[in-house]
Amino acid sequence: SQTDICTYFNTSLSFMPVPTNDFRVDLPQAVLDKMRDGLTDHLNNVHRQAMAESWRQLHDTIKAVGDRLSDPDARFRAALIDNARETCALLKRLNYSNDAELNKMCGEAEAFLSDYTPETLRNDVIARETTARRSADLVNRMTFNGGNVE
């Protein structure tokens, strides 16, 4: 039932002051520094992974559009374009670190994906080629942490 599922996945978080008799209060400064550095390294790694995943999502989505549209004989559904637009909008909202380059690339993709309707892309060779070329160009310019996303 829905209640059972909610019970299984229910979580909560609360912040409580550290009691003065807690063993961590009396730890040597070197140990506290090591704990802090370990936590900092872990958080930085999680941040890098999250941003890399955002870039990978954008890359894979736009590459799929470009690959499909660059083949003049390939059929595609409107969902290909709609899902790509939605992915770009979602990635901009989930960009918690305010990565300006990610926002810029998502905005570019949203713009050229909105230039033509899926029906126009099916029937107009120039529109299809233009969108495929712009997709490929965007994918080729994508980098994250100094390297290509691929």
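Structure: see above.
Reading the values: rules and limits
- Residues numbered from 1 in each chain as written.
- Predicted model: local features only at pLDDT ≥ 70, side-chain atom pairs only at ≥ 80, totals over all residues.
- Heavy atoms only, no water.
- Core = buried A, V, L, I, M, F, W, Y, C linked by side-chain atoms within 4.5 Å.
- Buried < 20%, exposed > 50% of the residue type's maximum accessible area, 1.4 Å probe, protein only.
- Helix = DSSP H or I, 4+ residues; strand = E, 2+ residues; numbered from the N terminus.
- Contact = heavy atoms within 4.5 Å.
- Polar contact = N/O pair within 3.5 Å; in protein donor to acceptor, adjacent residues only side chain to side chain.
- Salt bridge = Lys/Arg side-chain N within 4 Å of Asp/Glu carboxyl O.
- Phe/Tyr/Trp six-rings, centres within 6.5 Å; stacked < 30°, edge-to-face > 60°.
- Lys NZ or Arg CZ within 6 Å of the ring centre and 35° of its normal.

Another aspect to go through is the nonpolar core. One finds L58, I62, L113 and M142 to be the most contacted residues of the largest nonpolar core, which totals 23 residues. Listed by contribution, the elements that provide at least two residues to this core are α2 (29-70), α3 (78-94), α4 (100-113) and α6 (125-141). Those residues within four positions of I62 in sequence are excluded, and the remaining contacts are C88, A109, F112, L113, S135, L138, V139 and M142.

Tracing the backbone through its elements, the reader meets N95 in the loop between α3 and α4. Within the structure, the side chain of N95 is placed 2.9 Å from the backbone oxygen of D99, a separation counted as a polar contact. Setting aside chain neighbours within four positions, we find N95 in contact with M51, L102 and N103.

Take the environment of F112 next. Summarising the element assignment, F112 is placed in helix α4. Using a relative accessible area of 3% as the deciding quantity, one classes F112 as buried. In this structure, F112 is in contact with I62, T131, R134, S135 and L138, ignoring residues within four places of it in sequence.

Time to look at the environment of T87. Mapping T87 onto the fold places it in helix α3. Separated by 33 residues in sequence, T87 and S54 place their C-alpha atoms 9.8 Å apart.

This part takes up the environment of S70. Residue placement: S70 occurs in helix α2. Along the sequence, S70 and T130 sit 60 residues apart, while their C-alpha atoms lie 9.2 Å from each other.

This part covers the pattern of salt bridges. All told, the structure shown has 11 salt bridges when counted by the stated rule. Where E108 meets R141, a salt bridge forms, and the shortest distance between an N and an O atom there is 2.5 Å. Of this pair, E108 sits in helix α4 while R141 sits in helix α6, and the two are 33 residues apart along the sequence. Residue classification places E108 among the partly exposed residues on the basis of a relative accessible area of 25%. In this structure, a network of salt bridges that share partners links the residues D33, R36 and D37.

Tallying each qualifying case throughout the model produces 0 aromatic pairs. Above the face of the F76 ring, R122 is positioned so that its terminal group lies 5.1 Å from the ring centre.

Right, let's talk about unusual backbone geometry for a bit. Although it is not a glycine, N98 sits at a positive phi angle of roughly 55°. With respect to the element layout, N98 can be found in the loop between α3 and α4. Here N98 falls in the exposed class, since its relative accessible area comes to 60%.

Distances and angles like these do not, on their own, reveal function.
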